[in-house]
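Tertiary structure, described
For reference, the chains in residue letters:
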Amino acid sequence: MAAAIGDMQFLEGSEDQAQFLNQVMSEDSLTASGKRYVVWSSVMAARNSALTGFAVQLTDAVSDAEKRDMRFALSRMAVTNPYFFSRNFAQVNAGGSLDVLHMRDFQSIQVHDEIGYHYACIAISMVNGGYNCFRSHVSSLQQLGESDDAIDQAMRMTSALMAVRQAMFTQDQWGA
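What comes next concerns the included structure. This one's a predicted model, so the numbers in the text were calculated from it and none came from an experiment.

1. Some remarks on the layout of surface pockets
Each pocket or cavity is described by its volume, and for the largest pocket that value is around 320 Å³. Around the largest pocket, the lining is made up of 16 residues, and of these Arg76, Leu98, His118, Ser136 and His137 lie nearest the centre. Secondary structure elements with two or more residues in the lining of the largest pocket: helix H4 (64-86), helix H6 (114-128) and helix H7 (131-143). A total of six residues in the lining of the largest pocket trace back to one element, the largest contributor, which is H7. In terms of residue class, the lining of the largest pocket is made up of seven nonpolar, seven polar and two charged. Empty space within the second largest pocket amounts to approximately 160 Å³. Taken together, Trp40, Met44, Val62, Lys67, Met70, Arg71 and Leu74 make up the full set of residues lining the second largest pocket. Element by element, the count of residues in the lining of the second largest pocket is highest for H4, at four residues. Tallied by class, the residues present in the lining of the second largest pocket amount to five nonpolar, no polar and two charged.

In structure tokens:
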């Protein structure tokens, strides 16, 4: 084995991904709470049970309030990411707003941690390819005073977790 994180053994060819994940998780631009929102939202958006088991080793337990926030982020991004992405490629003179998607306004869902929620949304949007939503939530984080370093760490964490997902799949298919 070339590298390991917790129980996960990374074979030769994936050791760079293990090192990347270790490095980005050890940085402190994001709070522990921010890291939980990013890790668990990335993992849940990836819909990968093996990655879910691996994520338990990366963060503290997720509180019920954080799970509630992430459920809202996951369910809302499941609608908005493909809808707004598709509008980049179609000239349609109708719709184009949250109202047509029958989304409650943000205030009415009463998230526990607004910053954490937006970190969840950027992670989910990266996994889903929801670029318009991604830009919107990055902007929200900047308006809430989050540093570009923290936002970049969240983006790199999501990327590292998707690299781990790829390594897991490759190892499952081809083994050593």
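2. So, the environment of Arg71
For Arg71, the position within the fold is in helix H4. Separated by 22 residues in sequence, Arg71 and Ser49 place their C-alpha atoms 17 Å apart.

3. Details of a nonpolar patch on the surface
Together, Phe85, Phe89 and Tyr131 line one region of the surface with nonpolar side chains, adding up to about 340 Å² of accessible area. Along the chain, Tyr131 turns up in helix H7.

4. Structural notes on the pattern of salt bridges
Taken as a whole, this structure holds three salt bridges when the rule is applied. Glu27 is the partner of Arg156 in a salt bridge, and the nearest nitrogen-oxygen pair spans 2.6 Å. In this pair, Arg156 is assigned in helix H8 (residues 148-174) and Glu27 in the loop between helix H1 (15-26) and helix H2 (32-46), connecting sequence segments 129 residues apart. Between Asp152 and Arg156 there is a salt bridge, with its nearest N and O atoms 2.6 Å apart. One end of the pair, Asp152, and the other, Arg156, are both in helix H8, four residues apart, so they sit about a helical turn from each other. Given the relative accessible area of 32%, Asp152 is considered partly exposed. Taking the relative accessible area as the measure of exposure, Arg156 reaches 23% and is therefore partly exposed. Several salt bridges converge on common partners, so that one network encompasses Glu27, Asp152 and Arg156.

5. Describing the nonpolar core
Within soluble globular proteins, side chains that are nonpolar tend to cluster in buried spots. Formed by 49 residues in total, the largest nonpolar core has its most connected members in Leu21, Val39, Leu51, Phe54, Leu58, Tyr119 and Ile122. Within the residue set of this core, elements represented by two or more residues are H1, H2, helix H3 (49-55), H4, H6, H7 and H8. The greatest single-element share of this core, amounting to ten residues, is contributed by H8.

6. Here we look at the side chain of Ser33
With respect to the helices, strands and loops of the structure, Ser33 is situated in helix H2. Overall, Ser33 belongs to the buried group, its relative accessible area being 18%. When near neighbours in sequence (up to four residues on either side) are disregarded, Ser33 contacts Glu66 and Asp113.

7. A word on H1
In a regular helix each residue adds 1.5 Å, so twelve residues correspond to 16 Å; H1 covers 17 Å between its end C-alpha atoms and thus fits that length. Taken residue by residue, H1 has Ala18, Leu21, Val24 and Met25 as its buried positions. Angularly, the buried residues of H1 cover 140 degrees about the axis, an arc narrow enough to put them on a single face. Exposed side chains of H1 directed beyond 90 degrees from the buried face belong to Asp16, Gln19 and Ser26.

Thresholds applied
- Residues numbered from 1 in each chain as written.
- Predicted model: local features only at pLDDT ≥ 70, side-chain atom pairs only at ≥ 80, totals over all residues.
- Heavy atoms only, no water.
- 1 Å grid on protein atoms, 1.4 Å probe; cavity = no way out; pocket = protein on both sides within 12 Å on 5 of 7 lines; lining within 4 Å.
- Points joined across faces, edges and corners; volume = space filled by probe spheres on them.
- Helix = DSSP H or I, 4+ residues; strand = E, 2+ residues; numbered from the N terminus.
- Nonpolar A, V, L, I, M, F, W, Y, C, P; charged D, E, K, R; others polar.
- Patch = residues over 30% accessible without salt bridge, like charges linked within 9 Å, V, L, I, M, F, W, Y side chains within 5 Å.
- Areas by Shrake-Rupley, 256 points an atom, 1.4 Å probe, with all protein chains shown as cover.
- Salt bridge = Lys/Arg side-chain N within 4 Å of Asp/Glu carboxyl O.
- Buried < 20%, exposed > 50% of the residue type's maximum accessible area, 1.4 Å probe, protein only.
- Core = buried A, V, L, I, M, F, W, Y, C linked by side-chain atoms within 4.5 Å.
- Contact = heavy atoms within 4.5 Å.
- Expected span 1.5 Å × (residues − 1).
- Arc of directions from axis to C-beta.

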